[in-house]
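Remarks on the overall topology
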Amino acid sequence: MVKHLLALLFIFFIASECLAQQPFLLFHKSRIREAKYYAGEVIAFRIKDNDFKVTDQIKGFKDGLILFDGYEVDPKDITHLYMDDKTIIWFALRFKLSRLCSIAGAAYLGLDLLNNYETDRSTIILGSSLIAAGVLSHVIFRRVFKIKGKMKLVVIA
């Protein structure tokens with residue numbers, strides 16, 4: 001009797017999860033990395049044949065289209081997706097590197113100046129190299145995904 005009751009509860013919870021699911025936009029980058037965007041969330045993207053960034057709040061989904069305030073977009077027309085809080089965590093170390101190197105270089109120069117009241121050549125070389133590495137990593141690492149190949153945007157209803 002208890003087994004039947006547990007099985008019935010399990011089936012009820014699975015069925016209620018399937019029935020209560022709301023539509024969302026799925027950004028599929030790889031087998032492991034996926035991000036879900038629900039109605040009410042803000043997304044930044046670029047559309048085919050346009051070179052400007054569009055940032056807007058998702059109002060809803062209808063017939064495989066993303067509804068925004070006053071217009072709708074087919075996910076197939078989106079060519080670039082800009083990083084946000086959901087996708088930047090995939091590359092946390094990469095983007096923290098630029099801040100970390102810049103702060104470390106400035107701190108090294110500042111601490112050496114405070115301790116010795118002067119800076120020698122090796123300190124200037126090391127500190128400025130760390131700052132330059134931080135600036136260079138900020139320039140190299142782009143904060144945009146090109147939607148092509150295995151990367152896909154799909155509306156799941």
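The model shown is predicted, which means the values in this text are computed figures rather than measured ones.

This paragraph deals with the nonpolar core. The biggest cluster of nonpolar side chains holds 23 residues, and the ones touching the most others in it are L25, F27, Y37, I43, F45, I66 and L81. Looking at this core, the elements with two or more residues in it are β1 (24–28), β2 (34–37), β3 (42–47), β8 (78–82) and β10 (152–156). In this structure, Y37 is in contact with F24, L25, F27, I43, I58, F61, L81, D84, K86 and T87, ignoring residues within four places of it in sequence.

So, on to the sheet that holds strand β4 (residues 54–57). The sheet built from 4 strands is open, its strands ordered β4-β3-β8-β9 with antiparallel pairing. Two strands lie at the open edges of the sheet, namely β4 and β9 (144–146), each paired on one side alone. On average, each strand axis in the sheet is inclined to that of its neighbour by 35°, with strand direction left out of account. In the sheet, β3 pairs with β4 via 4 bridges, with the strands oriented antiparallel. Among the inter-strand pairings, V42 is bridged to a residue of β4, identified as Q57.

Another aspect to go through is the pairing of β1. Most of β1 is tucked away, with 4 of its 5 residues classed as buried. Summarising the sheet, β1 and β10 pair through 5 bridges and their orientation is antiparallel. By the bridge assignment for β10, F27 is matched with L153. One ladder, built from 4 bridges, connects β1 with β2; its direction is antiparallel. Of the residues in β2, the one forming a bridge with L25 is Y37. Between the end of β1 and the start of β2, which pair antiparallel, lie 5 residues.

The subject of this paragraph is the side chain of R46. Mapped onto the elements of the fold, R46 is located in strand β3. Comment: no salt bridge for buried R46; closest opposite-charge side chain is D51, at 4.8 Å.

Enumeration over the complete set of coordinates arrives at 1 salt bridge. For E41, the salt bridge is made with K86, and the minimal N-O distance between the two is 2.5 Å. Note that E41 is positioned in the loop between β2 and β3 and K86 in helix α2 (residues 85–88), a separation of 45 residues in sequence. Taking the relative accessible area as the measure of exposure, E41 reaches 22% and is therefore partly exposed.

Criteria and cut-off values
Residues numbered from 1 in each chain as written. Predicted model: local features only at pLDDT ≥ 70, side-chain atom pairs only at ≥ 80, totals over all residues. Heavy atoms only, no water. Core = buried A, V, L, I, M, F, W, Y, C linked by side-chain atoms within 4.5 Å. Buried < 20%, exposed > 50% of the residue type's maximum accessible area, 1.4 Å probe, protein only. Helix = DSSP H or I, 4+ residues; strand = E, 2+ residues; numbered from the N terminus. Contact = heavy atoms within 4.5 Å. Pairing = 2+ DSSP bridges. Axes fitted to C-alpha atoms, helices over the stretch in contact; angles between N-to-C directions. Lys, Arg positive; Asp, Glu negative; His and termini not counted. Salt bridge = Lys/Arg side-chain N within 4 Å of Asp/Glu carboxyl O.

All we've got here are geometric facts, nothing functional implied.
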